[in-house]
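Secondary and tertiary structure notes
If you want the building blocks of each chain, they are given just below.
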Amino acid sequence: MKLLTVAQLQTRVYAQKETNLSLLDGLFCQAKDAGADMICLPEMFSCPYETPNFPVYAEPGGGPSWQTLSGLAERYQVYLSAGSVPESDENGNVYNTAYVFDREGRQIAKHRKVHLFDIDVKGGQRFKESDTLTAGDKSTVFETEFGPMGLCICYDFRFPELARRMVLDGAQVILVPAAFNMTTGPAHWEILFRSRAVDNQVFTFGTAPARDMDASYHSWGHSIAVSPWGTVLNQMEAEEGMQITSIDLDEVEQVREQLPLLKHRMADL
């Protein structure tokens, strides 16, 4: 058995970056006490989700937020899927970037959000990330002691070809820091995580910020964990909290043997 215990932190996002980061230490202590091998944070967990904020909050890789996250992974000896943060580069571009650190605090993955969230839903949400963000251009898979995992961010997960690319590159788990809103969340959140899990026969984890109705962007919350069979293993409501899910990664191969979808696919059609 390849047992992995994942703690998903559905945190509230405060206006002060330092407040969001400082609150993590106590939460990591609780997660470690609960047996977590991996801790997952939400999309833009340290930055209120508004396009003008992204350049203001942005830091280069290796900056203060990166160092804090690396230090937490090392201190608590856990894998850390560190949600996402605004990342700046030397050319003045700003990305929505997800880092992953190993138990020694070493960065083992970085994913820049490929599909920017530019939408205008009639009677619902209007949002345009491309006003201040630059898109990434890579699929991301990384190795752990438990096996290979894929990583993408929120709107990326709507595109089945990206999930399939990660699976073809070996992913057995797909981690998704995400912040669906009050229009798309009720309609699509659970069905997307279940669909991607079933189609690709992988575990899927979506970790969202807690809902704050005083903020300008209202997160659906509902952090979720789904099995390769499409079973919802865990799902939160909208409030702040922590969700602990233990999985056996051997289940991936068991499901793929019982129902060999990936072997039967016809790539030329």
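For the structure itself, consult the block above.
Because the structure is predicted, anything quoted here is derived from the model rather than measured. (Residues numbered from 1 in each chain as written. Predicted model: local features only at pLDDT ≥ 70, side-chain atom pairs only at ≥ 80, totals over all residues. Heavy atoms only, no water.)

Details of the sheet that holds strand β13 (residues 224-226)
We apply this condition: At least two DSSP bridges between two strands are needed for those strands to be called paired. Helix and strand assignments come from DSSP, with helices taken as H or I runs of at least 4 residues and strands as E runs of at least 2, each series counted from the N terminus. Inter-axis angles, ranging from 0 to 180 degrees, are taken between N-to-C directions of lines fitted to C-alpha atoms, where helices are fitted over the stretch in contact. Note on contacts: a residue pair is in contact if any heavy atoms of the two residues lie within 4.5 Å.
With respect to topology, 6 strands assemble into an open sheet ordered β9-β10-β11-β12-β13-β14, the strand pairing being mixed. The open sheet has two edge strands with one neighbour each: β9 (140-142) and β14 (232-235). With strand direction ignored, the average angle separating the axes of adjacent strands in the sheet is 15°. Across 3 bridges, strand β12 (residues 203-207) lies against β13 in antiparallel orientation. Its bridge partner lying in β13, Gly206 is registered against Ile224. Strands β11 (173-177), β12, β13 and β14 of the sheet are contacted by helix α6 (residues 184-200), whose axis makes an angle of about 155° with β12.

Considerations on the nonpolar core
Heads up, the rule is: Put simply, buried Ala, Val, Leu, Ile, Met, Phe, Trp, Tyr and Cys residues joined by side-chain atoms within 4.5 Å make one nonpolar core. Only protein chains enter the calculation, and the probe is 1.4 Å; a residue is then buried if its accessible area is under 20% of its type maximum, exposed if over 50%, and partly exposed in between.
In terms of nonpolar packing, the biggest core is built from 42 residues, with Ile174 and Leu175 touching the most fellow members. When neighbours within four sequence positions are excluded, Ile174 is seen to be in contact with Gly150, Cys152, Phe157, Ala163, Met166, Val167, Val202, Phe203, Thr204 and Phe205. Within the second largest apolar cluster, 20 residues are counted, among which are Leu9, Leu24, Tyr76 and Leu80.

Section: the pairing of β14
Looking down a regular strand, the side chains alternate between one sheet face and the other. As judged from the 3 bridges shared by β13 and β14, these two strands associate in the antiparallel manner. When the sheet's bridge partners are listed, Ala225 is paired in β14 with Asn234. Between β13 and β14, which follow one another and run antiparallel, lie 5 residues, and Gly230 among them has a positive phi close to 90°.

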